[in-house]
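A structural walkthrough
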Amino acid sequence: MYTVDNYDVIVIGGGHAGCEAALACARMGHRTLMATISLDNIALMPCNPAVGGPGKSHLVYELDALGGQMGINADATAIQMRMLNMGKGPAVHSLRCQSDKIKYQHLMKQTVENTENLNVKQIMVTELKVEDGKVTGIVTELGEFYGAKAVILCTGTYLKGKILIGDIDYVGGPNGQRVAEHFSQSLLDNGIELMRFKTGTPARVDKRTLNIENMAVQEGDTHHHAFSFMDEWINRNEDVCWLTYTNKETHEIIKSNIHRAPMYSGKIEGVGPRYCPSIEDKVVRFADKERHQLFVEPEGTGTNEMYVQGMSTSLPMDVQYAFLRTIPGLENVEIMRPAYAIEYDCLNPTQLTPALQVKHIEGLYSAGQANGTSGYEEAAAQGLMAGINAALWLEGKEPFILARSEAYIGVLIDDLVTK
């Protein structure tokens, strides 16, 4: 085993949690390494390239107030902004931003690569090193050792990830990325309890094959917005989204093929976060609904890929084509990327303190989707808090814990670690 370097903090993962955690530690003056499976997928948005919405926008505002990066990044890469729930009271108004997927990634990559005290490396971590109940570092698949006083786990959906589409399954992470096949065992060997979770994503469809005249246009707000308190309220609208609906024929196709969905055939072992139910779940659980609302949204200004929000599924390809083509505006649609379910290992978050530290291993923290949540904003909020608390722990200071009465972040973390 070759010792490469020693750090104050190592952050494992370069998603939304990993980026915020690494930036927080580095900005608080601690020498930090962010280890990611792929440098090309830093801050990847494997589901919808959107930030905010009900509940989530509050998290982004709080992140920004605490020095996080997500709000700044969303403002800089927005292609549409809308304030939702304007027909209701101000307590539920929530800003939502459709971002350019590639520009968001590139800007965050540029940010982390140019932050003082922060090194970014493409590393596959295979082992967590713990001695006498204290974390000491990590080992990579190439036999490298990186020492650390603190480690933050931000593994997302990459621990033993498995993609499922109908009766087909294969090892893989979001967008066909590599997964961490061996790191789960190291966590288990160190007494960390893991669970099996699943989530999913809709198909990406070709904009050129849409009949946009059969859908309702959803334009951005004429009133200007911003997530970050440091950014100007300017017009960021560069593109539009479209609104359409499922119908009785759509539902009949899904119901008649429900036995081919991995969730219903028993192929999927894991449970899922309550957020983002699949279209199969919606059709079965809300059988009285004659239609379900869908948004067809651009993934960016430089691509024809469109995201069909509300149509997450793991049904086989013939069924995906069949039900999509029953929907107004999608009658001749071509799929560019299939919808899929992904199953992965995650931590039981009741093993964590309110500071997001693993209770029985000193210096080890966990944040993000691997704590059982779903959503970029929830991940980023946890990452920021884990990063702040790892930095405070290194300084011998008390942890920074937000109460339920103080912040949405406080509610999020308290629910995770207690429930």
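Just so it is clear, the model here is predicted, and its values are computed rather than measured. (Residues numbered from 1 in each chain as written. Predicted model: local features only at pLDDT ≥ 70, side-chain atom pairs only at ≥ 80, totals over all residues. Heavy atoms only, no water.)

What follows deals with the packing of helix α6 (residues 248-256) against helix α9 (residues 317-324). One way to put it is that α6 packs onto α9 with a least axis distance of 9 Å and a crossing angle of 165°. Accordingly, the angle class assigned to the pair α6 and α9 is roughly antiparallel. For the pair α6 and α9, the sense of crossing is right-handed. Here T250, I253 and I254 of α6 lie close against α9, whose contacting residues are V319, A322 and F323. Residues belonging to the contact of α6 with α9 are distributed by class as follows: five nonpolar, one polar and no charged. (Axes fitted to C-alpha atoms, helices over the stretch in contact; angles between N-to-C directions. Helix = DSSP H or I, 4+ residues; strand = E, 2+ residues; numbered from the N terminus. Parallel < 35°, antiparallel > 145°, perpendicular 65-115°, else oblique. Left-handed = near helix turned anticlockwise from the far one by under 90°. Contact = heavy atoms within 4.5 Å. Nonpolar A, V, L, I, M, F, W, Y, C, P; charged D, E, K, R; others polar.)

Turning our eyes to something else, we now look at helix α1 (residues 16-27). For α1, which comprises twelve residues, the first-to-last C-alpha distance of 16 Å matches the rise-based estimate of 16 Å (1.5 Å per residue) to within 8%. Buried residues dominate α1, accounting for eleven of its twelve residues. Inspection of α1 places H16, A17, G18, C19, E20, A21, A22, L23, A24, C25 and A26 among the buried residues, and these make up the whole buried set. One or two steps after α1, the chain reaches G29, where phi turns positive at roughly 95°. (Expected span 1.5 Å × (residues − 1). Buried < 20%, exposed > 50% of the residue type's maximum accessible area, 1.4 Å probe, protein only.)

Further remarks concern the pattern of salt bridges. Per the stated rule, a full pass over the model turns up 21 salt bridges. Two residues, R31 and D5, come together in a salt bridge whose shortest N-O distance is 2.8 Å. Taken together, the residues R31 in the loop between α1 and β2 (32-36) and D5 in strand β1 (residues 2-12) connect sequence positions 26 residues apart. On the basis of relative accessibility, which here comes to 33%, the residue R31 falls in the partly exposed class. Classification of D5 as partly exposed rests on a relative accessible area of 24%. The closest approach of N and O atoms between R196 and D345, which form a salt bridge, is 2.8 Å. Residue R196 is located in strand β12 (residues 194-201), and its partner D345 is located in strand β19 (residues 340-347); the two are separated by 149 residues in the primary sequence. A relative accessible area of 10% places D345 in the buried class. Linked by salt bridges that have partners in common, R404, D414, D415 and K419 make up one network. (Salt bridge = Lys/Arg side-chain N within 4 Å of Asp/Glu carboxyl O.)

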